[in-house]
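The chain contents come next:
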Amino acid sequence: MPNHQSTAHPFRLHNLWWLLLALVSIVLDQYTKHLASTQLTFAEPVPVLPFLNWTLLHNYGAAFSFLSDAGGWQRYFFTGLAALVSIAFTIWLMRMPTRLKVLPLAIALILGGALGNLIDRVTLGYVVDFIHVYYQNHHFPAFNIADSSITLGTILLIIDTFFLEKYRIQQATAQAASNGADTSKAQE
């Protein structure tokens, strides 16, 4: 009788540490947004460094205020999208092999950032942004800690996808070849 093992990876309790990292990202994001909302005046820059201001802004759209003036439907669209992505990322994270480090770090940071901004969308109807980076007359759109988590997580995800995954495949191929050589020696 054949052994029918599930090909799906089981939930791994060890990966709860990655969820804890996502939670730390959420707490830090919400705390800094609270500080910005209570200590800053809307749209009035507070100089910090020659290239950095604290500037309280409200983003009704997505990244870089994409669709911010779309009439209100975008709030529900981005809320639903963030909720679905967060559920998928949580399941993916909990099923990730414990030997991986960069990929779950990336997923945890993206998850924490997505949930941090989701909390704003659900409770406020907009995302609180307050970090304003600029150089002379060139201004980068204001952002927050959640956006920073998502950006760092995405960079790590790209590194994992294009560099570390190739290395893991090479290691697995070498291991399989080594096991194949050991098996043929044992059969001789």
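Scroll up a little and you will see the structure.
Going along each chain's sequence as written, the residues are numbered from 1 onward. For a predicted model such as this one, the threshold for reporting local features is a pLDDT of at least 70, and the threshold for listing and counting side-chain atom pairs is 80 or more; totals across whole chains, interfaces and linings nevertheless cover every residue. Only hydrogens and water are set aside when side-chain values are computed; all heavy atoms of the structure are taken into account.

A.B. asks: Outline the pattern of salt bridges, supporting the account with residue identities and numerical values.
C.D. replies: Close approach of charged atoms lets side chains of opposite charge pair. Salt bridge, as applied in this entry: a Lys or Arg side-chain nitrogen positioned within 4 Å of an Asp or Glu carboxyl oxygen. Here the structure, examined in full by the defined rule, presents two salt bridges. A salt bridge links aspartate 29 to lysine 33; the nearest nitrogen and oxygen atoms lie 2.9 Å apart. Of this pair, aspartate 29 and lysine 33 both sit in helix 1 (residues 16–39), separated by four residues, roughly a single helical turn. Note on accessibility: aspartate 29 and lysine 33 belong to one class, buried. Secondary structure counts use DSSP, requiring at least four H or I residues in a row for a helix and at least two E residues in a row for a strand, with both numbered from the N terminus. Exposure is judged per residue with a 1.4 Å probe applied to protein chains only, and the accessible area is read against the type maximum: over 50% gives exposed, under 20% gives buried, and values in between give partly exposed.

A.B. asks: Just give me the short version of unusual backbone geometry, but keep the residues and values in it.
C.D. replies: The phi angle at alanine 43 is positive, at roughly 65°, despite the residue not being glycine. Locating alanine 43 in the fold gives a position in the loop between helix 1 and strand 1 (46–49).

A.B. asks: Please set out the sheet that holds strand 2 (residues 52–59) residue by residue, giving values where relevant.
C.D. replies: Whether two strands pair comes down to DSSP finding at least two bridges between them. Taken in spatial order, the four strands make up an open sheet running 1-2-3-4, and their pairing is antiparallel. One side of each edge strand has no neighbouring strand; the edge strands of this open sheet are strand 1 and strand 4 (138–139). Sheet topology note: the strand 2/strand 3 (residues 127–135) ladder contains six bridges and is antiparallel. Along strand 3, the bridge assignment pairs histidine 58 with valine 128. In what follows, residue pairs with any heavy atoms lying within 4.5 Å of each other are defined as contacts. Here, axes are lines fitted to C-alpha atoms. For helices the fit covers the stretch in contact, and angles between N-to-C directions go from 0 to 180 degrees. The sheet strands contacting helix 1 are strand 2 and strand 3, and the helix crosses strand 3 at an angle near 80°.

A.B. asks: Describe the packing of helix 1 against helix 3 (residues 102–124), with residues and values.
C.D. replies: The interhelical angle for the contact between helix 1 and helix 3, taken along N-to-C directions, is 35°, at an axis separation of 8 Å. Handedness of the helix 1/helix 3 crossing: right-handed. Across the interface between the two elements, Trp18, Leu19, Leu21, Ala22, Ser25, Ile26, Asp29, Gln30 and Lys33 of helix 1 pack against Pro104, Leu105, Ala108, Leu109, Leu111, Gly112, Gly113, Leu115, Gly116, Asn117, Ile119 and Asp120 of helix 3. Should the near helix be turned anticlockwise from the far one by less than a right angle, the crossing is termed left-handed; should it be turned clockwise, right-handed.

A.B. asks: Lay out the side chain of histidine 132 in plain terms, naming residues and giving numbers.
C.D. replies: Take histidine 132: it is sitting in strand 3. For histidine 132, the side chain forms a polar contact with the side chain of histidine 139, separated by 2.9 Å. When residues no more than four places from it in sequence are discounted, the contact partners of histidine 132 are Phe51, Leu52, Asn53, Thr55, His139 and Phe140. We define a polar contact as two N or O atoms separated by no more than 3.5 Å, with the added condition that, inside protein, one atom must be a possible hydrogen donor and the other a possible acceptor, whereas residues neighbouring each other in sequence contribute only through side-chain atom pairs.

A.B. asks: A description of the environment of leucine 40 should follow, citing residues and the corresponding values.
C.D. replies: As for its placement among the helices and strands, leucine 40 is situated in the loop between helix 1 and strand 1. C-alpha of leucine 40 to C-alpha of threonine 55: the two residues are 15 residues apart in sequence and 7.2 Å apart in space. Aside from chain neighbours lying at most four places away, what touches leucine 40 is Leu35, Val46, Trp54, Thr55, Leu56 and Phe130.

A.B. asks: A description of the packing of aromatic side chains should follow, citing residues and the corresponding values.
C.D. replies: Only rings of Phe, Tyr and Trp enter the pairing, Trp through its six-membered ring, and a pair is recorded when the two centres are within 6.5 Å. The plane angle decides the type: under 30 degrees is stacked, over 60 is edge-to-face, the rest tilted. Summed over all chains, the structure comprises four aromatic pairs. Ring geometry for tyrosine 60 against tyrosine 126: centres 5.3 Å apart, planes inclined by 55°, an arrangement best described as tilted. A residue pair is termed long-range when its members are at least 10 positions apart, and tyrosine 60 in the loop between strand 2 and helix 2 (73–94) and tyrosine 126 in the loop between helix 3 and strand 3 qualify at 66 residues. Here tyrosine 60 falls in the partly exposed class, since its relative accessible area comes to 40%. A residue is classified by how much of its surface remains accessible, and tyrosine 126, at 15% relative accessible area, is buried. Ring geometry for phenylalanine 89 versus tryptophan 92: centroids 5.6 Å apart, planes at 70°, classification edge-to-face. Taken together, the positions of phenylalanine 89 and tryptophan 92, both in helix 2 and three residues apart, correspond to about one turn of that helix. With relative accessibility at 38%, the residue tryptophan 92 sits in the partly exposed group.

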